Amino acid sequence: MNENIQNDKGSLRIEEKICQVKLTKSEQKVLDFIMVHREEACYFTSSELAEATRVSGATVIRVANKLGFSKFSQFRRELQSEMLHQRQRGSEVSSSPELLQDIRERNEREILEACRAKHTQNISEAFIKNGYDKYIRIADLIIGAEKVFLIGYRMATGTIDFFGRLLKLCRGNVICITDVGMMTEELYDLTERDCVVLISFPRYSENVLMTLELVKEKGSKLVILTEKITGSITNGADYVLLAERSGVSFFNSYLGMMANVEMLMSIISNKKFEETERRLEIREKYLERNKQY
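Residues numbered from 1 in each chain as written. Predicted model: local features only at pLDDT ≥ 70, side-chain atom pairs only at ≥ 80, totals over all residues. Heavy atoms only, no water.

**Some details on the overall build of the protein chain**
Inference 1: Of the regular secondary structure elements, the protein chain holds 13 helices and five strands.
Inference 2: A burial count over the protein chain gives 44% of its 293 residues as buried.
Inference 3: A separation of at least 24 residues holds for 69% of the contacts in the protein chain among residues at least 6 apart in sequence.
Inference 4: With the model as given, the accessible surface of the protein chain reaches about 16,000 Å², and the carbon-plus-sulfur share is 49%. (Helix = DSSP H or I, 4+ residues; strand = E, 2+ residues; numbered from the N terminus. Buried < 20%, exposed > 50% of the residue type's maximum accessible area, 1.4 Å probe, protein only. Contact = heavy atoms within 4.5 Å. Areas by Shrake-Rupley, 256 points an atom, 1.4 Å probe, with all protein chains shown as cover.)

**Side note on the side chain of Ser220**
Inference 1: Within the secondary structure layout, Ser220 lies in the loop between helix H11 (206-218) and strand S4 (221-226).
Inference 2: According to the relative accessible area criterion, Ser220 is buried, its value standing at 9%.
Inference 3: Ignoring any residue separated from it by four or fewer positions in sequence, one finds Ser220 in contact with Leu190, Thr191, Glu192, Asp194, Val196, Val215 and Asp238.

**Some points on the sheet that holds strand S2 (residues 174-177)**
Inference 1: What the five strands build is an open sheet, ordered S2-S1-S3-S4-S5; its pairing is parallel. Each edge of the open sheet carries a strand with a single partner, namely S2 and strand S5 (239-242). Direction aside, the axes of adjacent strands within the sheet are offset by 15° on average.
Inference 2: Along the sheet face, helix H8 (residues 132-144) touches strand S1 (148-152), strand S3 (195-199), S4 and S5 and points at about 125° away from the line of S5.
Inference 3: Along the sheet, helix H9 (residues 157-167) contacts S1, S2 and S3; its crossing angle with S1, the most-contacted strand, is approximately 160°. (Pairing = 2+ DSSP bridges. Axes fitted to C-alpha atoms, helices over the stretch in contact; angles between N-to-C directions.)

**Considering the pairing of S2**
Side-chain positions along a regular strand alternate between the two faces of the sheet.
Inference 1: Along S2, one buried face is formed by Val174 and Cys176 and the opposite face, lined by Ile175 and Ile177, is buried too.
Inference 2: Across four bridges, the pairing between S1 and S2 is parallel. Paired with Val148 across the two strands is Val174, which belongs to S2.

**So, the packing of helix H2 (residues 25-36) against helix H5 (residues 57-66)**
Inference 1: Close contact between H2 and H5 brings their axes to 9 Å; oriented N to C, the two are set at 80°. Regarding the angle of H2 to H5, the classification is roughly perpendicular. Each of Ser26, Glu27, Val30 and Leu31 in H2 lies in contact with H5, whose residues at this interface are Thr59, Val60, Arg62, Val63 and Lys66.
Inference 2: Looking at the contact of H2 with H5, its residues break down into four nonpolar, two polar and three charged. (Parallel < 35°, antiparallel > 145°, perpendicular 65-115°, else oblique. Nonpolar A, V, L, I, M, F, W, Y, C, P; charged D, E, K, R; others polar.)

**A few points about the pairing of S1**
Inference 1: Most of S1 is tucked away: five of the five residues are buried.
Inference 2: Side chains of S1 alternate between two faces, with Val148, Leu150 and Gly152 and Phe149 and Ile151 buried alike.
Inference 3: Between the parallel pair S1 and S2, the chain is carried across by H9, and the sense of this crossover is right-handed. (Right-handed = clockwise from strand over helix to strand, strands pointing away.)

**Overview of the nonpolar core**
Inference 1: Ile34, Leu67, Phe75 and Leu187 are the most contacted members of the largest nonpolar core, which totals 45 residues.
Inference 2: Those residues in contact with Phe75 that lie beyond four places of it in its chain are Ile14, Leu31, Ile34, Val63, Ala64, Leu67 and Phe69.
Inference 3: Of all hydrophobic cores here, the second largest spans 33 residues; its members include Ala126, Val223, Tyr239 and Leu264. (Core = buried A, V, L, I, M, F, W, Y, C linked by side-chain atoms within 4.5 Å.)

**Side note on the pattern of salt bridges**
Inference 1: Considering all chains together, one arrives at twelve salt bridges under this definition.
Inference 2: The partner of Arg193 in a salt bridge is Glu192, and the shortest N-O contact between them spans 3.8 Å.
Inference 3: A relative accessible area of 45% means that Arg193 is categorised as partly exposed.
Inference 4: A salt bridge links Glu275 to Arg279; the nearest nitrogen and oxygen atoms lie 3.0 Å apart. Of this pair, Glu275 and Arg279 both sit in helix H13 (residues 273-289), separated by four residues, roughly a single helical turn. (Salt bridge = Lys/Arg side-chain N within 4 Å of Asp/Glu carboxyl O.)

So, in structure tokens, the structure goes:
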């Protein structure tokens, strides 16, 4: 992987560029800050950004250079442009931050209303952060692959099972891996014609890192569904789909990630309409014969 993005990558969104560069800890700190505080950070000067992240000004400039911008001002303009597009896509979405106060201060109805508001926000942000074009490109990648491997451990296993059951109704050669014991056996015959979709969230386990190492060695296409574009697992991915996990209680919310899966499946099933219809008819015939409803 080249340390810097070349100029011919200029059409990529900033989040996609981040996946293709190798960052130091200080550089990742800068990008983490920008991704979390986009609305403010897109107007910062390089000096202000350096002060906010407690790194040197040279580090901030180096981040812009690695992402393919010859000047920090170009990087800032691109951030502002992407922020404007995100605002336009999210202009119809209203959220109520005041609903997300300490849950202990709320009665049951207020808790339910806070959940509704947060769930709406998380699902809407999946659209806003990723953009429609990315969903379409990933769907095409999955459709065109020789084999598709869906991988997720621990809390991601439910999403993988859901994704796999739907995808198998649209195409063949879909392998779901939810146990590390299956990983080396199933991925042994990976090729560059295959696509791997990995769902994982911080803190990333050694199993996830080992899986990624094997996938990259095989040269397969890689799609990662996660929470942060600057996470340690995104480097080298062909595509990264982001989902917000924050909730109103002690546990994380996975609705944003499920929304990503449903959007992908809606596109895939439409593009593979005839095969999906044929597979559904076959399944229905056997379900009817065995009285399974």
